[in-house]
Amino acid sequence: SQKIEQNSEALNIQEGKTATLTCNYTNYSPAYLQWYRQDPGRGPVFLLLIRENEKEKRKERLKVTFDTTLKQSLFHITASQPADSATYLCALRGGANNLFFGTGTRLTVIP
Amino acid sequence: DAGITQSPRHKVTETGTPVTLRCHQTENHRYMYWYRQDPGHGLRLIHYSYGVKDTDKGEVSDGYSVSRSKTEDFLLTLESATSSQTSVYFCAISVTGASEQYFGPGTRLTVT
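About the thresholds
- Residues numbered from 1 in each chain as written.
- Chains lettered and ligands numbered in written order.
- Predicted model: local features only at pLDDT ≥ 70, side-chain atom pairs only at ≥ 80, totals over all residues.
- Heavy atoms only, no water.
- Pairing = 2+ DSSP bridges.
- Helix = DSSP H or I, 4+ residues; strand = E, 2+ residues; numbered from the N terminus.
- Axes fitted to C-alpha atoms, helices over the stretch in contact; angles between N-to-C directions.
- Disulfide = S-S within 2.5 Å.
- Buried < 20%, exposed > 50% of the residue type's maximum accessible area, 1.4 Å probe, protein only.
- Core = buried A, V, L, I, M, F, W, Y, C linked by side-chain atoms within 4.5 Å.
- Contact = heavy atoms within 4.5 Å.

Caption draft 1: Structural context of the sheet that holds strand β3 (residues 19-25) of chain B. Residue and element names in this part refer to chain B. Pairing is antiparallel in the open sheet, where four strands are placed in the order β1-β3-β8-β7. This sheet does not close on itself; its edge strands, each paired only once, are β1 (4-7) and β7 (64-70). Going from strand to strand, the sheet's axes swing by 20° on average, the running direction of each strand aside. One ladder, built from four bridges, connects β1 with β3; its direction is antiparallel. Opposite threonine 5, over in β3, you have histidine 24 as the bridge partner.

In structure tokens form, the structure reads like this:
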């Protein structure tokens, strides 16, 4: 069965540093991978989508890489700020019309 | 929350009672989804719809049914609620089955 692992349940980082979150998957050959942000008590918010033929995608301070050989995606937040504190979810396309989500990594940026 | 509302936002019900959750969108997106989110499991797909009257099962569909009679509304029904269905339920929408999803604010359901 498909399995998605987000390596760290929680990650603490000092303000201004780069946060790196990991998403590993098995038994998949996803055409694309997505990253979402979720704040407590709210629904997830879409951040970035990266396709299998793209090695890297950037949006402002966010960067996502996708290595289909390693079956891994890395999500980077540069110059992290306390406002970046949230849970970050990766998601992969499971079938024709749905996504499978990881359990998330809770990021805390310490001032 | 991208023109998506969920009702009710909170509900407490007793085991064995029927429960219906509603998702309403104003974006005219074709695809709608129901997820549940539980500690340690993340978001899991219950059912989804790819058009009016077109629905399909997700990963955890047992004990749930859905209906979509209009583009803007997607209903999730628990025919006979059980304590294992205590969870936070999220509705999501997307333009296509492969595009990013936009989530509603969630419904916290407690089955006692």
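Now that the structure has been shown, we can carry on.
Caption draft 2: Just the state of the cysteines, in detail. One pass over the full model with this rule turns up two disulfides over all chains. One disulfide in the model links cysteine 23 of chain A with cysteine 90 of chain A; its S-S distance is 2.0 Å. In this structure the cystine formed by cysteine 23 of chain A and cysteine 90 of chain A twists about its S-S bond by roughly 65°; its chirality is therefore right-handed. Here cysteine 23 of chain A, found in strand β3 (residues 19-26), pairs with cysteine 90 of chain A, found in strand β9 (residues 86-93); they are 67 residues apart in sequence, far enough to count as distant. Using a relative accessible area of 0% as the deciding quantity, one classes cysteine 90 of chain A as buried. With its sulfur 1.9 Å from that of its partner, cysteine 23 of chain B forms a disulfide with cysteine 91 of chain B. In this structure the cystine formed by cysteine 23 of chain B and cysteine 91 of chain B twists about its S-S bond by roughly -70°; its chirality is therefore left-handed. Residue cysteine 23 of chain B is found in strand β3, and its partner cysteine 91 of chain B is found in strand β9 (residues 87-94); the two are separated by 68 residues along the sequence. When sorted by exposure, cysteine 23 of chain B lands in the same class as cysteine 91 of chain B, which is buried.

Caption draft 3: Local environment of the nonpolar core. Counting 24 residues, the largest nonpolar core has Leu33, Trp35, Phe75 and Tyr88 of chain A as its most contacted members. Other than its neighbours up to four places away in sequence, phenylalanine 75 of chain A contacts Ala19, Thr20, Leu21, Trp35, Leu47, Leu48, Leu62, Lys63, Val64 and Tyr88 of chain A. By size, the runner-up hydrophobic cluster in this structure holds 19 residues, among which are Trp34, Ile46, Phe74 and Leu109 of chain B.

The values reported here are purely geometric and, on their own, carry no functional implication.
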